[in-house]
Amino acid sequence: MDRFRKQEHQVSLRGASAKEITRDALLEKVMHERELRNHAKRATAAALFIQRVWRAHYAAKCIAEKFRTEWDAFVAQFDDVPLSAELISKDIVRPFLFFMSGPLKLCHQVQGTDDDQRMVKCFRILLQSISCPNAEQNFCSLAFNSVEEHAGWFFQACKLLSICFFTLTKDAGGAASVVIALATRLMVSLTDVNTWNHFVKDHKGDGSLVAWKLINWISIGNASLYSSVRQYMMKHNSPLTGKYKSVGEMDESFIITASAITMVLRPFCALKPEDFKNIHSASNQSDYPESYNAGIKGAAEQFCVYILTIPHLTQRLPAVLMPALQHTVTFSHFLKTLVISKEVIFPAISNLDQLNLTGTPSSVWALVNIVSLASVSDESSEYSGHLVKGLDCSEYVFALCSILEDLMPWIENNRQIKRKMAEDEETFDENHVSAAVKHYSSSNANNEDGLTDMNLSFIEFLRPLYQQWHLQLLLNTIKKDSFPMHVTQHNDMWSQEGMKRKLELQDVAQLYSYLIAMFSAFNSSAGPLPILNLLAFTQGFLSQLWEWLQQYLSLNKASHSKVHKHAQTSTNSGGNQIQGTQGRKEESLVRNVSSKWASAFLRMKGRSSNEDNTSDMGKDVSIQQCTDKDNVCQVWDLEPMKRGPQGIPKNTSTMLLLFCATYAHLLMVLDDEEFYEKQVPFTLEQQKTIAAMLNTMVYNGFLSNAGNHSNPLMEAAVRCLHFLYERDCRRSFCPPSLWLAPAVKYRPPVAAAARAHEAVATSLKLGGSSVAPLMGSLVVTVPHVFPFEERVQMFREFVKADKASRRMMGEVAGPGPGSIEIAVRRDHIVEDGFNQLNLLGSKLKSCINVSFVNECGLPEAGLDYGGLFKEFLTDLAKAAFDPRYGLFLQTLTDERLLFPHPPARLLGNGVQMIEFLGRVVGKALYEGILLDYCFSHVFVRKLLGRYSFLDELSGLDPELHRNLMYLKHYEGDVKDLALDFTVMEDIFGKRVVIELRPGGSNMPVTIENRLQYIHAMADYKLNRQIQPLINAFYRGLSDLISPSWLCLFNAQEFNQLLSGGEHDFDVDDLKSNTRYSGGYSESSRTVKLFWEVVKGLEPGERSILLKFVTSCSRAPLLGFKHLQPPFTIHKVVCDTPVWAMIGGQDVERLPSASTCYNTLKLPTYKRLSTLRNKLLYAIQANAGFELS
């Protein structure tokens, strides 16, 4: 214990008893103490600075208060007493500037009223002095004394102008209004030489020089004139307040506004050309012209930033002031500077947008105000007008393009937002077309385009841009300039030498391309319709665009050279050997390309190429050798478009975009007579070139990864291409090889393309279209580049894959516990089928086992292995689609096509029955069962989501179509026909009047609105009348067949997919895919006789034979190998008496058929003539089982 006590009381030999710390802790402590000392020093310095500033401010404030008091006393002493200019400068202006320019900024809110009174007094004294004819009493005379006095006067004048400009930002009311009025008068007087009354002619040059220096000082932006005027206009001049003001209605607000506008325009018109001579004689400065031009440039930039961007500028200004802004000299400066200095102006405008709470960029109002200033509407008509006199159209167009180019990111952003918010609607709705026809009816048609967007009212102020006089004036300007048509290489509107270039067609195209984008984003009621109406229906505009494109893209040269080359190849028979070698090389190249397509897709799917390299795959690969047919296709594969949109220069891309958008719009309303007979606006040969150009570009655009939805050119090109293709499908004007041309050499394998198509459909459902394979996007967008047979194979691939996926989920493929069993009565087949199958929906894809119930109510014997269901489906379709059943009617044309019966929607379960029939057709397509029915092309096009043209009414109601065309071209007074906007409809024997538009019964058809009537009538017949039934049928069909599968086909091809190929068929194909039963074989005598008879039949008789056996008169599209169940010939043994055989008699029994099994029951005929006669009798008797 003693030892521990001794250690406890030990003392450090270093003389310190405190606890020791580490080196790092010591350093940290020292640094902390140093920071505290530095902080204390900074705090002390800051306190001293604050005290110094406050003392200076307090001293200045006290001095200002002293000056105010002395100034007030001095002014009161000399009230209404003329003062000398020197006295005014030293004793009135100098102290006034001190206490108004310094402490005013801090104590303005406290002493604002008193300072307003002081400004009123000072401004009045100055105005009286400036207007005084006595030079000694005129304040401005000091500018022409000694150098020191001139410098002092100039300083005071600049300060006074700054205070005047500042007053414009004050809130009006009471004394403030008087201050603002006097301030505007003073700044006008100080800058106008003509108001300095003491001058004589000898001093004119000096006055011009002084005025020039003041104006130049204002122009460089130090005085903030333009921002102050902007604030005043935004606060005090509400839209429309000054629109109807005349000179006789002048008030204080009018005078202030007029003075403010005078000041902002002063830099552009203060000096006349002769003033430069006076300045030159009064000054030794040699750089004044350059300085003056720089000042004008600065003023113009500020005007563009602060004044042109005032919302509703022209509505805020009195009408009598408009000519000042529209004057050629001033307006030209604004437009030219806007283009030349856009790198400076638009960033400055964007800074204003940070304070803008409306969400509309200020550049939009610059666009609106330029259009409003440049255009003048005629009093006689709202839809006629002209541009202001002397306006340079090139400067005008270049300025608009510059603004719109700056706005494009904002426009595109809003377009994307609008797309995301919009529902999945039909792309080309009928309202869009209705308004198009409305404009097309006549040049003086009312433009009720619905431009009443409450959120973005600027759209309605752009109305002059989509008036025909506006576009025609620009086109006339181009024609007047006689500028040779070529591609301009200028990046800017003005060249480096400062000389502006002439207006060209691509400039006008660029302007309207921008406008289409803007109206698409912000005109919620009509979209780009007003612009497209203007472009499509302005005579000659489309032709000029096409002529420009032809010349630049060398389309004529490319197509003609290929035609010539093909002609030489066809007639030259001496080079077969060389051509064969080249053909083998091309075939090898094509195979390599196709294998790359397949390998790439398989790698994407995570599979090897060996797994998919089956014999079926090899058959699916549609690789054609370099035959004459391929050469024909190559004629339409235009070389200039093979790189897609990426290979087209920017200016040409703009022209092509506008052409596609405009022509697609026009194609919606062109009737067949105009398109095919009159060939307006293009000949049929030109139409072929246009179709080939778009077809090649779109196809290669997808291959080059340019076919995404954000590419406006691809969107417009695809839309125009679809319209041309649909019109060609209805009435051909292009050779079939034209549509196949781009993909002849590099078409991907069918199986790979089908899987890519499904990948795209799945990606679109999940909202991830950006990751969709290009091949699939190609198949979705332009399926027509694949031959019809290959697209049918794709469809079968879709069905095959869907069935495989359902089997993987445990679905039973044949009869069994998991299948769906139904029992139907033959005489109530439609009702029983509807009651038992309608509610299944997509489950109708499952295996359906049918058992028939006879008249006694007992089930018929037999198991359904597919044949009975086929019989049920064909019999149900036969009964339901019969016009006598009331759900469908036949067209009045020779084809007798089916379309829904409009009154069916009024039946109790009519809509549900139509939906059920949609499922029936879907089931037939899904199972590959052919139905011997074809639907109206109008009906099918609606199911496929395609647009219906006016002339398609001829396939639905030829008489109505003829009457409408008669009305369209009627040369007399249309009122004599006594028509109105109504239609009479017969509903179950009762005649009902339907109005085509609200109030149609009181709206007579006239020559002005007859095209609106024609379109309204066609729209009713093609769309409104049967739309509920179309929607119901579509719902049922899409339960079994994905809409993406059907988008591969047009209306005619859909009917072929449903009912089979041509009416005649290939006998050898049927023979090679026929099965034999009951003892027959291919070598049987009767079988040989049968095939000999079939080959000798007429095509119509063969079709009847096929319908006799299979219930459908057409062969399967891909051949009889796809007929399920297979075509079968069954042996029917007939006992013939011996004496009959000796006498040469043959079997008397007739052939019969079992359509549910596609089986022909053929007796053992011995003679060819007997077999032929019996067979013809049987098939023409239109019976099957009951024959014996």
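Everything numeric in this text was worked out from a predicted model, so none of it was measured.

## Section: the overall build of the protein
Working step 1: Helix and strand content of the protein: 50 helices and twelve strands.
Working step 2: Burial status across the protein gives 53% buried among its 1188 residues.
Working step 3: In the protein, the share of contacts with a sequence separation of at least 24, taken over all contacts with a separation of at least 6, comes to 77%.
Working step 4: For the protein, the computed accessible surface area is about 56,700 Å², with 53% contributed by carbon and sulfur atoms.

## Description of the environment of isoleucine 63
Working step 1: Mapped onto the fold, isoleucine 63 is located in helix α2 (residues 23-77).
Working step 2: C-alpha separation for the pair isoleucine 63 and phenylalanine 99, spaced 36 residues apart in sequence, amounts to 8.4 Å.

## A short note on the pairing of strand β8 (residues 990-995)
Each regular strand carries side chains that alternate between the two faces of the sheet.
Working step 1: Across six bridges, the pairing between strand β7 (residues 982-987) and β8 is antiparallel. Residue pairing for β8: isoleucine 987 is matched across the bridge by lysine 990.
Working step 2: The antiparallel pairing of β7 with β8 creates a hairpin that spans two residues between the two strands, and phenylalanine 988 there sits at a positive phi of about 50°.

## A word on the side chain of threonine 314
Working step 1: Secondary-structure assignment places threonine 314 in helix α13 (residues 313-316).
Working step 2: If sequence neighbours within four positions are ignored, threonine 314 has contacts with Met322, Asn369, Ser372 and Leu373.

## Some points on the pattern of salt bridges
Working step 1: Counted under the stated rule, the structure contains 33 salt bridges.
Working step 2: In this structure, arginine 941 and glutamate 726 form a salt bridge, with 2.5 Å as the shortest nitrogen-oxygen distance. Pair noted here: arginine 941 is in helix α39 (residues 937-943) and glutamate 726 is in helix α31 (residues 712-730), with a separation of 215 residues, a long-range link. Just as arginine 941 is buried, glutamate 726 falls in that class too.
Working step 3: Where arginine 826 meets glutamate 871, a salt bridge forms, and the shortest distance between an N and an O atom there is 3.0 Å. Placement of the pair is arginine 826 in the loop between β3 (820-825) and α36 (829-837) and glutamate 871 in helix α37 (residues 867-880), with a sequence separation of 45 residues.
Working step 4: The buried category is assigned to glutamate 871, whose relative accessible area is 6%.

## Let's talk about unusual backbone geometry
Working step 1: Between valine 680 and proline 681 the backbone carries a cis peptide bond, its omega angle lying at 0°.
Working step 2: Mapped onto the elements of the fold, proline 681 is located in the loop between α29 (672-677) and α30 (684-703).
Working step 3: Even without a glycine there, the phi angle at alanine 978 is positive, about 55°.
Working step 4: When its relative accessible area of 66% is taken as the criterion, alanine 978 is described as exposed.

## Quick notes on the sheet that holds strand β10 (residues 1128-1132)
Strand pairing in a sheet relies on backbone hydrogen bonds, with the paired strands running either antiparallel or parallel.
Working step 1: The four strands lie next to each other as β9-β10-β12-β11, forming an open sheet whose pairing is mixed. Single-partner strands in this sheet number two, and they are β9 (1075-1077) and β11 (1152-1154). Here the strands of the sheet are splayed against their neighbours by 25° on average, with no regard to which way each runs.
Working step 2: Relative to strand β12 (residues 1159-1163), β11 runs antiparallel, the two sharing three bridges. Its bridge partner being in β12, serine 1154 is matched across the sheet by threonine 1159.
Working step 3: Helix-sheet contacts for helix α47 (residues 1085-1096) involve β9, β10 and β12, and the interaxial angle to β12 is about 115°.
Working step 4: Contacts from helix α48 (residues 1099-1110) reach β11 and β12 within the one sheet, and its direction differs from that of β11 by about 55°.

## Some points on the nonpolar core
Working step 1: If you look at the biggest cluster of nonpolar residues, it comprises 263 residues, and the most contacted ones within it are Phe96, Trp153, Tyr396, Tyr512, Met518, Tyr663 and Phe935.
Working step 2: Tryptophan 153 has contacts with Phe139, Cys140, Leu142, Ala143, Trp196, Val210 and Leu214, leaving out every residue within four places of it along the chain.

## Let's talk about the packing of helix α22 (residues 529-537) against helix α28 (residues 650-667)
Working step 1: Where α22 meets α28, the axes come as close as 9 Å, and the angle between the chain directions of the two elements is 85°. As summarised for this structure, α22 and α28 are arranged roughly perpendicular, according to the angle between their axes. Of the residues in α28, those in contact with Leu529, Leu532, Asn533, Leu535, Ala536 and Phe537 of α22 are Leu658, Ala661, Thr662, His665 and Leu666.
Working step 2: Split by residue class, the contact of α22 with α28 holds eight nonpolar, three polar and no charged.

## Thoughts on α36
Working step 1: What α36 keeps buried is the set Ile829, Val830, Asp832, Gly833, Phe834 and Leu837.
Working step 2: Considering only its buried residues, α36 is in contact with β3, β4 (848-853), α37 and α38 (910-927).

## A closer look at a nonpolar patch on the surface
Working step 1: Residues Ile21, Leu26 and Val30 make up a contiguous nonpolar surface patch of roughly 250 Å² in combined accessible area.
Working step 2: Residue placement: isoleucine 21 occurs in the loop between α1 (2-8) and α2.
Working step 3: Overall, the relative accessible area of 53% leaves isoleucine 21 in the exposed class.

## Considerations on α2
Working step 1: Counted at 1.5 Å a residue, the expected span for α2 with its 55 residues is 81 Å, and the 80 Å between its end C-alpha atoms agrees.
Working step 2: Within α2, the full set of buried residues consists of His57, Ala64, Arg68, Trp71, Phe74 and Val75.
Working step 3: Here α2 starts with a cap whose side-chain oxygen sits 3.3 Å from the backbone nitrogen of alanine 25, and that cap is threonine 22.

## With respect to the pairing of β10
Working step 1: As paired strands, β9 and β10 are joined by three bridges and run parallel to one another. Residue serine 1077 lies in a different strand from β10, and its bridge partner there is histidine 1130.
Working step 2: Alignment of β10 against β12, held across five bridges, turns out to be parallel. Counted as the bridge partner of histidine 1130 is lysine 1161 from β12.

## Examining the packing of aromatic side chains
Working step 1: By the definition in use, this model includes 40 aromatic pairs.
Working step 2: With centroids separated by 5.1 Å and ring planes inclined at 70°, the aromatic side chains of phenylalanine 939 and phenylalanine 1033 adopt a geometry described as edge-to-face. Placement of phenylalanine 939 in helix α39 and of phenylalanine 1033 in helix α43 (residues 1027-1038) is noted, with a sequence separation of 94 residues between them. One exposure class covers both phenylalanine 939 and phenylalanine 1033, and it is buried.
Working step 3: Over the ring of phenylalanine 154 we find lysine 213, and its NZ or CZ is 5.1 Å from the ring centre.
Working step 4: Here the guanidinium or amino end of arginine 727 rests over the ring plane of phenylalanine 675, the centre of that ring lying 4.7 Å away.

Scoring rules and cut-offs
- Residues numbered from 1 in each chain as written.
- Predicted model: local features only at pLDDT ≥ 70, side-chain atom pairs only at ≥ 80, totals over all residues.
- Heavy atoms only, no water.
- Helix = DSSP H or I, 4+ residues; strand = E, 2+ residues; numbered from the N terminus.
- Buried < 20%, exposed > 50% of the residue type's maximum accessible area, 1.4 Å probe, protein only.
- Contact = heavy atoms within 4.5 Å.
- Areas by Shrake-Rupley, 256 points an atom, 1.4 Å probe, with all protein chains shown as cover.
- Pairing = 2+ DSSP bridges.
- Salt bridge = Lys/Arg side-chain N within 4 Å of Asp/Glu carboxyl O.
- Axes fitted to C-alpha atoms, helices over the stretch in contact; angles between N-to-C directions.
- Core = buried A, V, L, I, M, F, W, Y, C linked by side-chain atoms within 4.5 Å.
- Parallel < 35°, antiparallel > 145°, perpendicular 65-115°, else oblique.
- Nonpolar A, V, L, I, M, F, W, Y, C, P; charged D, E, K, R; others polar.
- Patch = residues over 30% accessible without salt bridge, like charges linked within 9 Å, V, L, I, M, F, W, Y side chains within 5 Å.
- Expected span 1.5 Å × (residues − 1).
- Polar contact = N/O pair within 3.5 Å; in protein donor to acceptor, adjacent residues only side chain to side chain.
- Phe/Tyr/Trp six-rings, centres within 6.5 Å; stacked < 30°, edge-to-face > 60°.
- Lys NZ or Arg CZ within 6 Å of the ring centre and 35° of its normal.

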